[in-house]
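Remarks on the overall topology
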Amino acid sequence: SPPATPPPPPPPPPSSPPPQPKLKRIPLPVALAGGLFLFATSVPPSQKKFARKLLVLSEETLRSDPTIAMELGMGIEAGGVFASSYIDGAGSDGADALWGERTVDRLVLQFQINGGATWAQGVAYGVQDRNDCGEDDGVTLLALEVANMDAVLNGQSFQVPL
């Protein structure tokens, strides 16, 4: 008998991602003073797995970007999360929870970045496909910005190309 035909791949997502959840950013002095407390409480337990995967994807992206590597040095690591904002795929914010034909949860993280001998702050935005339980748990990094301490103090950041 002929070999079974594999199912077709899912359709690619549209080019424009769903809107980001609003993130209330933690000011630098508060982040530095309350770091350990914030790291332990900033992501609700139900989103911790999603947040961990988003941080892993962010770290991989940071390490592969030559501008970031030049600025922060080798050994870049995504550290603790200062703040997060989450919207579930049910569209609890009233916004469309669909990305193409995929129902997605949305998460934004403000987190510490350690690299070489310097410190920076990152903001990552990602989605998680509620129906994808594959190797990456259906998590896709959609936007990543980085600011070193001087840039954070001046309200500036660098959009990392994805």
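Everything in this summary refers to the structure shown in the same document. (Residues numbered from 1 in each chain as written. Predicted model: local features only at pLDDT ≥ 70, side-chain atom pairs only at ≥ 80, totals over all residues. Heavy atoms only, no water.)

1. Considerations on the pairing of strand S4 (residues 118-129)
The element S4 is extensively covered by neighbouring structure, given that eleven of its twelve residues are classed as buried. Direction of pairing for strand S3 (residues 102-115) relative to S4: antiparallel, over a ladder of twelve bridges. Bridge pairing in S4 places Leu109 opposite Ala124. Note: S4 against strand S5 (residues 139-148), nine bridges, orientation antiparallel. Looking across to S5, one finds that Tyr125 is bridged to Ala143. (Buried < 20%, exposed > 50% of the residue type's maximum accessible area, 1.4 Å probe, protein only. Helix = DSSP H or I, 4+ residues; strand = E, 2+ residues; numbered from the N terminus. Pairing = 2+ DSSP bridges.)

2. Let's talk about the pattern of salt bridges
Charged atoms that come close allow side chains of opposite charge to pair. Taken as a whole and judged by the stated rule, the model has one salt bridge. The shortest N-O distance in the salt bridge between Glu59 and Arg63 comes to 3.2 Å. Of this pair, Glu59 and Arg63 both sit in helix H3 (residues 48-64), four residues apart, which is roughly one turn of the helix. Arg63 gets classed as partly exposed once you look at its relative accessible area, which sits at 47%. (Salt bridge = Lys/Arg side-chain N within 4 Å of Asp/Glu carboxyl O.)

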